[in-house]
Amino acid sequence: MAPRLQLEKAAWRWAETVRPEEVSQEHIETAYRIWLEPCIRGVCRRNCKGNPNCLVGIGEHIWLGEIDENSFHNIDDPNCERRKKNSFVGLTNLGATCYVNTFLQVWFLNLELRQALYLCPSTCSDYMMGDGIQEEKDYEPQTICEHLQYLFALLQNSNRRYIDPSGFVKALGLDTGQQQDAQEFSKLFMSLLEDTLSKQKNPDVRNIVQQQFCGEYAYVTVCNQCGRESKLLSKFYELELNIQGHKQLTDCISEFLKEEKLEGDNRYFCENCQSKQNATRKIRLLSLPCTLNLQLMRFVFDRQTGHKKKLNTYIGFSEILDMEPYVEHKGGSYVYELSAVLIHRGVSAYSGHYIAHVKDPQSGEWYKFNDEDIEKMEGKKLQLGIEEDLAEPAKSQTRKPKCGRGAHCSRNAYMLVYRLQTRERPGTPIQVPAFLQELVDRDNSKFEEWCVEMAEMRKQSVDKGKAKHEEVKELYQRLPAGAEPYEFVSLEWLQKWLDESTPTKPIDNHACLCSHDKLHPDKISIMKRISEYAADIFYSRYGGGPRLTVKALCKECVVERCRVLRLKNQLNEDYKTVNNLLKATVKSSDGFWVGKSSLRSWRQLALEQLDEQDGDADQSNGKMNGNTLNKDESKEERKEDEEELNFNEDILCPHGELCISENERRLVSKEAWSKLQQYFPKAPEFPSYKECCSQCKILEREGEENEALHKMIANEQKTSLPNLFQDKNRPCLSNWPEETDVLYIVSQFFVEEWRKFVRKPTRCSPVSSVGNSALLCPHGGLMFTFASMTKEDSKLIALIWPSEWQMIQKLFVVDHVIKITRTEGGDAHPSETQYISEPKLCPECREGLLCQQQRDLREYTQATIYVHKVVDNKKSDGGTKRQKISHQSYIAYQKQVIRRSMRHRKVRGEKALLVSANQTLKELKIQIMHAFSVAPFDQNLSIDGKVLSDDCATLGTLGVIPESVILLKADEPIADYAAMDDVMQVCMPEEGFKGTGLLGH
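Residues numbered from 1 in each chain as written. Predicted model: local features only at pLDDT ≥ 70, side-chain atom pairs only at ≥ 80, totals over all residues. Heavy atoms only, no water.

1. Here's the deal with the sheet that holds strand β36 (residues 833–838)
And then number 1: Across the sheet, which stays open at both edges, the four strands sit in the order β33-β31-β35-β36 with antiparallel pairing between neighbours. Two strands bound the open sheet, and with one partner strand each, they are β33 (797–800) and β36. Geometrically, the sheet is characterised by an average inter-axis angle of 30° between neighbouring strands, direction not taken into account.
And then number 2: Here strand β31 (residues 742–747) runs beside strand β35 (residues 819–824); their pairing, made up of three bridges, is antiparallel. Across the sheet, valine 742 pairs through a bridge with threonine 821, a residue of β35.
And then number 3: Its contacts with the sheet place helix α21 (residues 748–759) against β31 and β33, and it is angled at close to 70° to β31. (Pairing = 2+ DSSP bridges. Helix = DSSP H or I, 4+ residues; strand = E, 2+ residues; numbered from the N terminus. Axes fitted to C-alpha atoms, helices over the stretch in contact; angles between N-to-C directions. Contact = heavy atoms within 4.5 Å.)

2. A short note on the pairing of strand β19 (residues 366–370)
And then number 1: For β19, a buried count of five out of five residues is recorded, marking the element as mostly surrounded by other parts of the structure.
And then number 2: Here β19 shows no split at all, with Trp366, Lys368 and Asn370 on one side and Tyr367 and Phe369 on the other all buried.
And then number 3: Pairing geometry for strand β18 (residues 353–359) and β19, over four bridges, is antiparallel. When the bridges of β19 are listed, lysine 359 appears paired with tryptophan 366. (Buried < 20%, exposed > 50% of the residue type's maximum accessible area, 1.4 Å probe, protein only.)

3. Considerations on the sheet that holds strand β8 (residues 260–262)
And then number 1: On the basis of which strands lie adjacent, the open sheet formed by four strands has the order β6-β5-β11-β8 and antiparallel pairing. Lying at the two open borders of the sheet, with one neighbouring strand each, are β6 (229–236) and β8. Strand-to-strand twist across the sheet, computed as the mean angle between neighbouring axes with direction ignored, equals 25°.
And then number 2: Sheet analysis places strand β5 (residues 215–223) next to strand β11 (residues 279–287), joined by eight bridges and oriented antiparallel. The residue of β11 that forms the bridge with cysteine 223 is alanine 279.

4. Focus: empty space enclosed by the protein
Empty space among the atoms becomes apparent when a probe as large as a water molecule is rolled across them.
And then number 1: Applying the stated criterion across every chain, the model contains two cavities of 30 Å³ or more.
And then number 2: Every residue lining the largest cavity is listed: Lys381, Leu382, Gln383, Leu384, Ile386, Lys400, Cys403, Ala407, His408 and Cys409.
And then number 3: The residue makeup of the lining of the largest cavity, split by class, is six nonpolar, two polar and two charged. (1 Å grid on protein atoms, 1.4 Å probe; cavity = no way out; pocket = protein on both sides within 12 Å on 5 of 7 lines; lining within 4 Å. Points joined across faces, edges and corners; volume = space filled by probe spheres on them. Nonpolar A, V, L, I, M, F, W, Y, C, P; charged D, E, K, R; others polar.)

5. Topic: the pairing of strand β40 (residues 939–943)
For a regular strand, side-chain orientation follows a simple rule: the groups alternate between the two sheet faces.
And then number 1: Taken across its five residues, β40 has four buried, putting it largely inside the fold.
And then number 2: Pairing analysis gives four bridges linking β40 to strand β42 (residues 965–970), with the strands arranged antiparallel. When the bridges of β42 are listed, leucine 941 appears paired with leucine 968.
And then number 3: Sheet topology places β40 next to strand β41 (residues 946–948); three bridges connect them, and they run antiparallel. Note that in β41 the partner of isoleucine 943 across the bridge is lysine 946.
And then number 4: Remark: two residues form the turn of the hairpin made by β40 and β41, two consecutive strands paired antiparallel; aspartate 944 in that turn has positive phi of roughly 55°.

6. Observations regarding the nonpolar core
And then number 1: Counting 66 residues, the largest nonpolar core has Phe168, Phe185, Phe189 and Leu193 as its most contacted members.
And then number 2: With nine residues, helix α5 (residues 144–157) is the single largest residue contributor to this core.
And then number 3: Ignoring any residue separated from it by four or fewer positions in sequence, one finds phenylalanine 168 in contact with Val100, Leu104, Ile144, His147, Leu148, Leu151 and Phe189.
And then number 4: In terms of nonpolar packing, the next biggest core, distinct from the first, is built from 35 residues, Phe236, Met323, Trp366 and Ala413 among them. (Core = buried A, V, L, I, M, F, W, Y, C linked by side-chain atoms within 4.5 Å.)

7. Thoughts on unusual backbone geometry
And then number 1: In the segment running from glycine 545 into proline 546, the intervening peptide bond is cis, with an omega of -10°.
And then number 2: You can see proline 546 is positioned in the loop between β26 (544–545) and α14 (555–583).
And then number 3: A cis amide bond, omega 0°, links glutamate 838 with the succeeding residue proline 839.
And then number 4: Mapped onto the elements, proline 839 comes out in the loop between β36 and α24 (843–857).
And then number 5: Here the phi dihedral of asparagine 729 falls at roughly 55°; this positive angle occurs in a residue that is not glycine.
And then number 6: You can see asparagine 729 is positioned in the loop between α20 (722–726) and β31.
And then number 7: The phi angle at glutamine 862 is positive, at roughly 55°, despite the residue not being glycine.
And then number 8: The residue glutamine 862 is located in the loop between α24 and β37 (863–871) in this model.

8. Side note on helix α7 (residues 182–197)
And then number 1: Given a rise of 1.5 Å per residue, 16 residues ought to cover 22 Å, and the 22 Å separating the end C-alpha atoms of α7 matches this to within 8%.
And then number 2: Regarding α7, the residues found buried are Ala182, Gln183, Phe185, Ser186, Leu188, Phe189, Met190, Leu192, Leu193, Glu194 and Leu197.
And then number 3: The opening residue of α7, the one whose side-chain oxygen lies 2.9 Å from the backbone nitrogen of glutamine 183, is aspartate 181. (Expected span 1.5 Å × (residues − 1). Polar contact = N/O pair within 3.5 Å; in protein donor to acceptor, adjacent residues only side chain to side chain.)

9. Here we look at the environment of phenylalanine 236
And then number 1: Summarising the element assignment, phenylalanine 236 is placed in strand β6.
And then number 2: The residues contacting phenylalanine 236, other than those within four sequence positions of it, are Phe213, Cys214, Gly215, Glu216, Tyr217, Leu285, Ser287, Leu288, Pro289 and Leu292.

If you want it as C-alpha cells, here you go:
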C-alpha cells in the first residue's frame, strides 16, 4: 500500500469503533494527522505530502548554505555586450541576412573604399543645430551612401559588440526572411554604388569603385585564313571562374582564358575575307584592379531539376597569387595577396549559412566574421575557407586534400578576394568624420545608459535575493510547530515563497475550506502545519488569509466522515440482509414501491454516494493562490450529475408522482425499505397504498386514442394513394405518358414525409398539408425549367397523376397548385410538342438561384477534392469513366426541403485532399507534394481539360469546386523527397532581387 494511503487509513482507523456522536477533540486532531512526526533533512529525500509536519523538500535546498549572487537574477552581464579591446564589431542577422553581413565586413576592411565613403557629402547637416545634433531627433540616412557611411562609422568606433544593420537592409528593400544569391547581391550592389557615386564632384569618391574593383579584358577573335584580329573590350568587376572538373584556382583561371576554336556551323565571319572562316577566340586580360574578386561558380543550373545546385568540390588556392602569366602586358606589378574568403556552409544552394574569413589590412591577422560573433583565427597552421557543412554528417564529407605551406583548399568558398601586393606600410588609421563620430558618440551614450540600467537591475535583483536568503534562513528554522501554537498554510504557497523565480503573492487558503468555512480534513495532504511565530511573520509581510489556527479544525466534517466510513463498512452486511428480505413475500397493503432498476444497482449507488460525500473536498471552493476552476466545466459536470437518476427516481413520472407502469417497480417490505433509507434518506417514498399519477392515466388514455386515430388516417391515405406509397407506375417528364396531357407536381420532401407517417403512424405525426411554396420564388413563379426537371432537379420533385391529384386535394391542404401541360405546336411548328408550366418560370429568380449556387461553390471551406495521378497520359485505373459533376445542389431549396448526397466515389490511383476556396494553387501543390511525393515544379495539373498554371490564383477563381477531380501529370520525380521540407524554397519560383532597391525599384 502507498504511504499516502497508509497515512489516510491510520488517520481514520478510530472511526471503525467510534460512533459519530462520540467523536472527541483527540479524534479530530488524529484525523488532521497532527500526531505525525516531522521529517528530518538528509533522512527524508522528498516531501511527504500526506504528512502536514514534513517541511523537507519544499524548495528550501536552494537557500540553505552559501549562494552565488549570480543566481539571484536572470540578467546577463551588460559588459558581455561590450566590444572587446582591439576587436571588430559584428552585425546582427535579421533572419536570413548573413550573406549581406559578410559583404559589409569585407567592404568595411577595404580601407580605400571606407575612406572614399567618409568623404561623401551627407544630409546629416540638416540635423545639426548649434554645437551638435538635435537630441530629440534620430538621424535617418537618406541614401545608400549615407547608410553605408553610418554603418562603417559604427563598425569602426562603436562600443557595442555588434550593431543592427536593419536600416541599411530596409533601404535596399530586402526580404529579411529569404536567403538570396550572395554573388548576385555583390554584383548588383556594386553597380548601384557605382551609379550613386558617379554623381559626386570629388574624383576620389566618384571613381573609387572603378579604381578598386574594375579591370578590363578583351574578347579576341583571330581568323585562321588571314590572321586578322577582332577585339571587343569589356570591363569587369569580378572574374567568374568555372570550378567543375578542377582542383586548383590556377586551373580555373587558365580555363577562363583558354582558346576556343570556331569551326563548322560556329565559324566566324571575317570582314577582311568577307566570308565565314575557321577562327580562334579567347579572352585577354588587359588590366587588373587593386582588389581582384574571383567568383567561384559553386552554384550552377541543373537542367534535370530546373534549379540551381551547389558543387561541393574542393578547390585549392594560395595566399599569394601571381597574375603576370595571365595578363597581356608584362612587366607590371601583378602579385596579389589573399585578403578575404567568403564561405557558404550547407549542401544546398537554397539553404545554409554565410560567413567570411577576412584579413585585417593594418595588423595582417585573420578574423572569422560570423554575424554577431567575431573571433581571431589563431593557431600554428592557418586554415582558410574550412567550415563544417550544415545538415551533413561528418562521415559523408569528402576527405580534404593535403595543402602545402601558404596554400589552402575549401569545398565551401564561393568568392576569393585578392589585394594587389604593395611594399607600402599601412598609414595612420582612418579618421571618422566629425558629424559621423558625433552620431556614433550618441549611440555609444545610449549603450552606456543601457549598461548602467542593466547593472542597476542586476544589483536590485541581487539585493532582493540576499534579503530573501536571510529571510529564508531565519524563518525556515522556525517553521516546525512542535508543541507550541500552530497554524496551517498551503504547501503550494510555501513552495512559491521558496521559489526565487516568481514574486510571492498573499496567502490564499480559500481552496482548503470546507462548507463550514474551516479546514477540510481531506485537504490536509496539501497543507503544512507551521509555528504561530512563522505564521505571524508571513501574514504581516505578505497578507492574505483566512488564518487556519487550531480552531479551524472542523468537527462537523470529521463527524460526517465518521458516519460515512461506518456506513461503508456496514454496506456489505446490509446488502446481504436486504437480499434476504427481498426473497420474502410482501403483503400488498404492507410495503413500499421500489424501482427494479434501483434495486439492481442500489449497492453501487450507495457506494458512489458515500464516495462522493467522502470526497467533497475536491469540489469545495475552487480557488488556491489565484487558480480558479473553469466555470463552464463545473456547470457541465453538475448538469451530467443532474441527468443521472438517483435511487428510486426511476419510478417517478414526469409530474413527480408514482409512474403507472407496474413492470418497472416491485413491492418490498418495511424492513428492507428501512435499510435502504439509511443510505438514501432523500429517496422518494411510495407506500403500497399510494395511487399512480392521475395526469399520466389521462395522458395514457389520450395517447391510445391518438394512436388509433393515426392508424385509421394512415390506412385511409394508403388505400387512397397506393401507387404513390409503393412508388409504382410513376410518370416521367423525359418520357411523357400518352394517357394524359397534364401532370401535377409536389415536392419530394412531402412524399417522403408522408410515406414515413404511413409506414409508422404511431411514431410519426400525420402530414396535413402539401407545401409547394418551397418550389416557388417570392413572386410566385416556378424555380425550375422543364429541362432541369428532367435531369438534375428530378430528385427534388414528385410527379402526380391527375386522379391522384384529386385525391390529394381531398386529403391534404394544398397551398399552391403546380402543373405541367403538354400541348401540340401552333401553325408555325405543328409537329413540335410544347410543355407549359403553371405557374410560369420566373427567369430573374431562376438566374439568381443559379448565381447563388455558383457563388456558394466558390466560397467553401474545408471541402474535399480528389487528385488523380495520370501515368503516360492514361488514368491509373485503366481509364475508368466518371460522370461529370453538375451544379445540381440548390442550397436554398435543400435547407427547406431535402438533403441530397453528392459524394464522389474515390477510385484507385487518386487521393482526397481537404481544401478551401481562398487557398492558392501554390498551396495546393504543396499538399499534392506531400500526398504523391511530386515536387511542385514537376506537377502539371488540369481540371475538365483546363490547365491550372497560375500559382497565385485561388482555387475558387480557377473553378475548383467541392468533389472536383484534378488530374496530375508528373514530369520527372526527384530522388530525395525526405529533405523537401528543409529546402522548401526549391519548390517556389525564384524571385531574386525583383522589387528591391538593388534594381532601382
